[in-house]
Amino acid sequence: MSWRTVFWGLCVPGALIATAFVAVRMVVGGDRGMLPIGETTDAHHQIEMACETCHAAPAFAGAAAAVKAMNKTCRNCHENELRAAGDSHPGKLFRSPGMAVYRERIDARLCMACHIEHRPEITRAGAVTVAADFCVACHAEGEQDVRAIRPSHADLTFDTCASAGCHNYHDNSALYEDFLVKHAGRPWVAPEPVHARSARDRARELPKGAALTGTPAIARSGIAKRPRQRSPFAWNNAVPRPPAALDEAPAIPRGGIAKRPRQRSPVASAAALVEPAALDDWAGSGHAAAGVDCVACHAPDVVEGAPRAEVEARWIEAPDTDVCEDCHKPEAKTFARGRHGMRGHPSIAAPRDPGRGLEAIGLGGVLPGAVAAWFADPPRPMRMTVAEARLPMRADAAPASLDCGACHRHHAVDTVRAAVEACASCHDDAHTRAWFGSAHHALWQAELAGEAPPGAGVSCATCHMARVGRRGKIVTNHNQNDVLRPNEKMIRPVCLDCHGLGFAIDALADADLVARNFRGKPSVHIESIEWALRRASDPGRAGNE
Amino acid sequence: MLTFAEELILLLTDEDGALLPIQKDAFECALAGAVLMDLAFAWRVDTDPRALVVTDRTPTGNPALDRILEKIAVRAETVDTRTWIRDLSIDEADAIREQALAGLVESGVLEQRSGTFPWAFRAPRHPAVDGEAARAIRLRIGNVLHSDDVPDPRDVALIALLDACDILPDLFPVREIERCRPRIEQLRRMDLIGREVAGAIADIDRTLALAVRSRSARFRRLLLHLSVAGALAAVATLMAPRVPIPDRFGPTFFELLWFDGAWQEWSGYGLLGFSGAGLVAALRMKVRPVLRSGTSIRWRLAHVGFGLCCVLLLFGHTGFRLGANLNAALMVSYVAALLSGALAGISTHGASWLRSMGMAPRLRVVPMRLHVVALFPLPALLIIHVLVVYLY
């Protein structure tokens, strides 16, 4: 047999098989890791194998339909964020015929006009894929010519609009003119700086004497004391009872903070199923105080009063975060919108059904089940692992999976640990390291020690998972994206509680200061407040911008 | 007795029945010259500096020779030998080859075997029945080159034919040919044939050499330059720094070229089209039954031209960015195919230079095979790339 025969005999069928193999993976199911045409942007890389999340258009749809469908998928996840920020350039603004001339330059109705995925060569901060001076497209001529209507802007270049700390394209909630004027002249720090919503929230949970000293590991020492502290909140005053023997507990209650008076139910008749260390952790937790027992999380499907055998039969050794979500809906919802938990967002496409794909190509029911199963999408981890992160992370944290327990610890349900120690046990960047020893750290220590009022301390979570008020309740916004980039998004919900607007704008515009975790004073000064004041005093001003 | 064309084919056929990898244009000119030499030996044509004329229209009994004789006879205008060699090499080389092969099969020197896999892309092969005839011809030529005996006029004519078409280095070691160069020159000056025939043969030989050199030199130089350009472009694809995208708003040319969907679509279609055209041109060179129009040199020129266009469009489509995953595999396959193709072009059309460097003629086969190896995944990767674009 000649080499030609061997070559063609192998290569031609090989190429055909390879083509068919990849085509089947595209249409039916299977690993598609070889398909992305370029690196996915940060955060989105977590969901890049759930292609249909963004590529929602039908196969072979036209370019316009594909872009429209993709644009819709952007809004599935980012709509709330934009709405909350009072988007300065909402898509609807550009729908009118009068905006046609601007749409020709940038079709701002579409997210993809500025944010194109899989284009690492042109992807800038904030996943922006247009040049930094994109404002020039609309604000350089006519009635929108900012240099004409704002003499103060006459000598500015357009690449500084969004990079100098003055404007953002979407979120200007802390940068618009009236707001600047209103907050002008405030001191750099309030006389009694306290983050109000944190103060309300922490007042009910922080133990007196809990201390956080130099390193995150030491934070653990404060946790053991918690069960013996009494909170001013009623639900936190319940002292957990010791676990009773299963025989003594004929009825087993189901979990759920809002619905169930946990305090009165027999505590953990299934406690014999758990380890003593876990039980100790639980005993000091808010769950124990609220009467949320083992069965509530480990056997959530068991009805109240079920016999022990049924509990054992339905016992889940490691409950998923779905169980947490049953009671902590706002937290779970925001967690799924953030970078830690976005794989659990309801808009993320589910793995494809190979049966449907096979039907689409005329092989439905033809292939044996085992072969059809071979075309199934590989199982996707529901949780992000530290190893997958693109930010600098500690090597020893790589295997950690980001579920509720990763930060709060499953049985201790520890919000103090989650506020700092959990972050620092994974994140290993300059900003995180610089927090220890910073003024914010000192305040946090003082608050934990009871030497400062609740809300005075500034933990990682204070800024990056700001507490927000929702329907009369204070909840922790687990979507750090809401206050992350551009960092001016942090000013209103976080910084202004303690600092003046001028200081906050300057501090956030100073990248070195941010990296040093605000040790020192800003070395840059953004003049937007002064300019706003000057313009406010001008009787001929055109109006708020 | 075998004709010159038959002897030529026997010499250039390997034991598997495939032609040695020689210059196609030289081979085509050699076939045309071989027929004219046979006609001259048969006293049917004569030449002078301005014309090749038929002196006797009586058929020779050999269908291939008689067909060419008739063609020369019926031509209205009188043209010189060079024109006939050019025309016959372009229009009749395939037919002469097929008839010579048929004659050799009929006379039991060669046997015909159907093409090996893949059948659609392989012409029938003609291996020698026992190889004796080819060995005899080689022995005759060797004896003539290495002795001072008076040679047979047909052997002299055959050697002159092979030398004129620059085929001798493909049949014998280059050093041996160089050592025999004085003898070859002596043979070409010998007046061993009847005066009239000698005049015609010498004229055909001289004209053939000129025709081969001028035709092949012109095209070889062009193809060599194109191949070098292609190789440089392929290397630049890998080595050259990427053209930066300016951080200024506005539709810059390169940004449109590389990141605008419509432009990318069209450059992609263009790339696909030129790749397909290059494949057709390559098939035409290899698979005669598929397409019979045009000459191999033109198809080769077209193939190289399409390859160069692919490089340019590749730049337009990707900015020579390798991309990721299957896109990177596609780019690697493209660049490897272009680079190996360019090297094959350089080795084929710079054969004399390679010979002067002491490289064996068969070394030319290596980049050609690499070209095929690099090309085979290309259609699959292209199909997948197009599917990815339109499915996602």
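Computed from a prediction, not measured in an experiment: that's the story for all the values here.

Thresholds applied
Residues numbered from 1 in each chain as written. Chains lettered and ligands numbered in written order. Predicted model: local features only at pLDDT ≥ 70, side-chain atom pairs only at ≥ 80, totals over all residues. Heavy atoms only, no water. Helix = DSSP H or I, 4+ residues; strand = E, 2+ residues; numbered from the N terminus. Buried < 20%, exposed > 50% of the residue type's maximum accessible area, 1.4 Å probe, protein only. Polar contact = N/O pair within 3.5 Å; in protein donor to acceptor, adjacent residues only side chain to side chain. Contact = heavy atoms within 4.5 Å. Core = buried A, V, L, I, M, F, W, Y, C linked by side-chain atoms within 4.5 Å. Buried area = accessible area lost by both parts, 1.4 Å probe. Salt bridge = Lys/Arg side-chain N within 4 Å of Asp/Glu carboxyl O. Nonpolar A, V, L, I, M, F, W, Y, C, P; charged D, E, K, R; others polar. Expected span 1.5 Å × (residues − 1). Axes fitted to C-alpha atoms, helices over the stretch in contact; angles between N-to-C directions. Left-handed = near helix turned anticlockwise from the far one by under 90°. Phe/Tyr/Trp six-rings, centres within 6.5 Å; stacked < 30°, edge-to-face > 60°. Lys NZ or Arg CZ within 6 Å of the ring centre and 35° of its normal.

Peer 1: Would you mind going over the side chain of H45 of chain A in detail, with residue names and values included?
Peer 2: Residues and elements named next belong to chain A. Counting through the fold element by element, H45 comes out in the loop between α1 (3-27) and α2 (63-85). Under the relative-accessibility criterion, H45 is labelled buried at 14%. At a separation of 2.8 Å, a polar atom in the side chain of H45 contacts the main-chain carbonyl oxygen of E388. Once residues lying within four places of it in the same chain are set aside, the contact partners of H45 are T40, M384, E388, A389 and R390.

Peer 1: I'd like a description of the nonpolar core, backed by residues and values.
Peer 2: Residue and element names in this part refer to chain B. If you look at the biggest cluster of nonpolar residues, it comprises 56 residues, and the most contacted ones within it are I141 and L162. For this core, the element with the highest residue contribution is helix α2 (residues 24-41), accounting for eleven residues. The residues contacting L162, other than those within four sequence positions of it, are L8, L11, I141, I167, L168 and L171. If you look at the next biggest cluster of nonpolar residues, it comprises 24 residues, including A234, C310, M331 and Y334.

Peer 1: Which residues make up the side chain of R32 of chain A, and what are the values?
Peer 2: Here R32 of chain A lies in the loop between α1 and α2. The class of R32 of chain A is buried, set by a relative accessible area of 2%. Among the polar contacts made by the side chain of R32 of chain A, one reaches the main-chain carbonyl oxygen of M49 of chain A at a distance of 3.4 Å. With sequence-adjacent residues up to four places away left out, R32 of chain A is seen in contact with R25, M49, C51, E52, R352, D377 and R380 of chain A together with Y392 of chain B.

Peer 1: I'd like to hear about the interface of chain B and chain A, residue by residue, with values.
Peer 2: Contacts between the two partners involve 31 residues from chain B and, on the opposite side, 42 residues from chain A. Summing the contributions of chain B and of chain A, the shared interface buries around 3,200 Å²; its carbon and sulfur component is 66%. Connecting chain B to chain A are two salt bridges. With its nearest N and O atoms 2.9 Å apart, the salt bridge here joins R124 of chain A to D247 of chain B. Where the side of chain B that touches chain A is concerned, the elements lending two or more residues are α12 (253-259), α15 (325-349), α17 (365-375) and α18 (377-391) of chain B. Element by element, the count of residues in the side of chain B that touches chain A is highest for α18 of chain B, at seven residues. Its residues placed into classes, the side of chain B that touches chain A shows 20 nonpolar, five polar and six charged.

Peer 1: Account for α15 of chain B, with residues named and values stated.
Peer 2: What sets the pattern is the α-helix's 3.6 residues per turn: residues three or four places apart point alike. For α15 of chain B, which comprises 25 residues, the first-to-last C-alpha distance of 36 Å matches the rise-based estimate of 36 Å (1.5 Å per residue) to within 8%. Of all 25 residues making up α15 of chain B, 18 are buried, and the element is well covered by its neighbours.

Peer 1: Any chance you could break down the packing of helix α7 (residues 153-164) of chain B against helix α10 (residues 181-189) of chain B for me, citing the residues and the numbers?
Peer 2: Residue and element names in this part refer to chain B. At a closest axis distance of 9 Å, the pairing of α7 and α10 adopts a crossing angle of 120°. For α7 against α10, the interelement crossing comes out left-handed. Where α7 approaches α10, its residues V156, I159, A160, D163 and A164 are matched on the opposing element by R181, I184, E185, L187 and R188. Taken together, the residues of the contact of α7 with α10 break down into six nonpolar, no polar and four charged.

Peer 1: Report on the packing of aromatic side chains, specifying residues and quantitative values.
Peer 2: Aromatic rings in a pair are described by how distant their centres are and how their planes are angled relative to each other. Residue and element names in this part refer to chain A. Applying the stated criterion to the full structure yields 15 aromatic pairs over all chains. With a centroid separation of 4.9 Å and 90° between ring planes, the pair formed by W435 and F436 is classed as edge-to-face. The same class applies to W435 and to F436, which are both buried. Between the NZ or CZ atom of R25 and the centre of the ring of W374, over which it lies, the distance is 5.8 Å. The lysine or arginine in question, K521, covers the ring of W188, its NZ or CZ lying 4.5 Å from the ring centre.

Peer 1: I'd like a rundown of the pattern of salt bridges, residues and numbers included.
Peer 2: All names here are of chain A. Within the structure shown, the criterion is met by 36 salt bridges over all chains. The salt bridge involving K489 is made with E81; its shortest N-O contact spans 3.0 Å. Taken together, the residues span a long stretch of sequence, with K489 in the loop between β2 (473-476) and α23 (501-509) and E81 in helix α2 at a distance of 408 residues. Residue classification places K489 among the buried residues on the basis of a relative accessible area of 8%. The class for E81 is buried, based on a relative accessible area of 18%. Where D396 meets R394, a salt bridge forms, and the shortest distance between an N and an O atom there is 3.1 Å. Assessed through its relative accessible area of 57%, D396 is described here as exposed.

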